[in-house]
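Notes for the structure review
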Amino acid sequence: MTATGVNNHGIVVGDYQAYCTPSCSAPGQTATGPQAWMYDQKSGALDELTLESSEQSASAYGINNGGTIAGEAATGNGPQGVLWKVTGGNTALPGNLYG
């Protein structure tokens, strides 16, 4: 689990990589990409941040004091920029990040 940002309100964001044990080639094991998360130090709540249910991975890179989290999600259309809000909801930014 990696923290990539924290704001003045004690909200921490980052991503984690789920690993397969003993290996992803074992029957029933699958590898997943990183998943974005948000942790509220005051309440102790840990929440996963998603853009859509079909995304392959998501990463959160930073958070401002207004509660906007910047990151990206890998969708069927490639990597897409995302803005999440601490209060809920998200906005997919137009276009592919690297294309």
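Residues numbered from 1 in each chain as written. Predicted model: local features only at pLDDT ≥ 70, side-chain atom pairs only at ≥ 80, totals over all residues. Heavy atoms only, no water.

Some points on the side chain of Glu55
In this structure, Glu55 sits in the loop between β4 (46-49) and β5 (57-63). In this structure the side chain of Glu55 is engaged in a polar contact, spanning 2.7 Å, whose partner is the backbone nitrogen of Leu51. When residues no more than four places from it in sequence are discounted, the contact partners of Glu55 are Gln35, Leu49, Thr50, Ala73 and Ala74. (Helix = DSSP H or I, 4+ residues; strand = E, 2+ residues; numbered from the N terminus. Polar contact = N/O pair within 3.5 Å; in protein donor to acceptor, adjacent residues only side chain to side chain. Contact = heavy atoms within 4.5 Å.)

Focus on the pairing of strand β2 (residues 11-16)
Counting buried positions along β2 yields five of six residues, so the element is predominantly enclosed. Examined bridge by bridge, strand β1 (residues 2-6) and β2 share four bridges and lie antiparallel to one another. Looking at the pairing, Val6 lines up with Val12 of β2. Taking the residues between adjacent antiparallel strands as the criterion, β1 and β2 are bridged by four residues, where Gly10 takes a positive phi near 80°. The pairing of β2 with strand β3 (residues 35-40) spans six bridges and is antiparallel. Counterpart to Asp15 in the pairing with β3 is Ala36. (Buried < 20%, exposed > 50% of the residue type's maximum accessible area, 1.4 Å probe, protein only. Pairing = 2+ DSSP bridges.)

A few points about a nonpolar patch on the surface
Judged by side-chain polarity, Met1, Tyr39 and Leu46 come together as a nonpolar surface patch covering roughly 330 Å² of accessible area. Taking the relative accessible area as the measure of exposure, Met1 reaches 70% and is therefore exposed. (Patch = residues over 30% accessible without salt bridge, like charges linked within 9 Å, V, L, I, M, F, W, Y side chains within 5 Å. Areas by Shrake-Rupley, 256 points an atom, 1.4 Å probe, with all protein chains shown as cover. Salt bridge = Lys/Arg side-chain N within 4 Å of Asp/Glu carboxyl O.)

Digging into the pairing of strand β6 (residues 68-75)
Most of β6 sits out of view: six of its eight residues are buried. Judged from the six bridges that link them, β5 and β6 form a sheet pairing that is antiparallel. Residue Ile63 lies in a different strand from β6, and its bridge partner there is Ile69. Taking the residues that link successive antiparallel strands as the turn, the β5-β6 hairpin has four residues, and the phi of Gly67 there is positive, at about 90°. Pairing of β6 with strand β7 (residues 78-85), which is carried by eight bridges, proceeds in the antiparallel orientation. Residue Ala74 lies in a different strand from β7, and its bridge partner there is Pro79. Following β6, the chain reverses through two residues before pairing antiparallel with β7.

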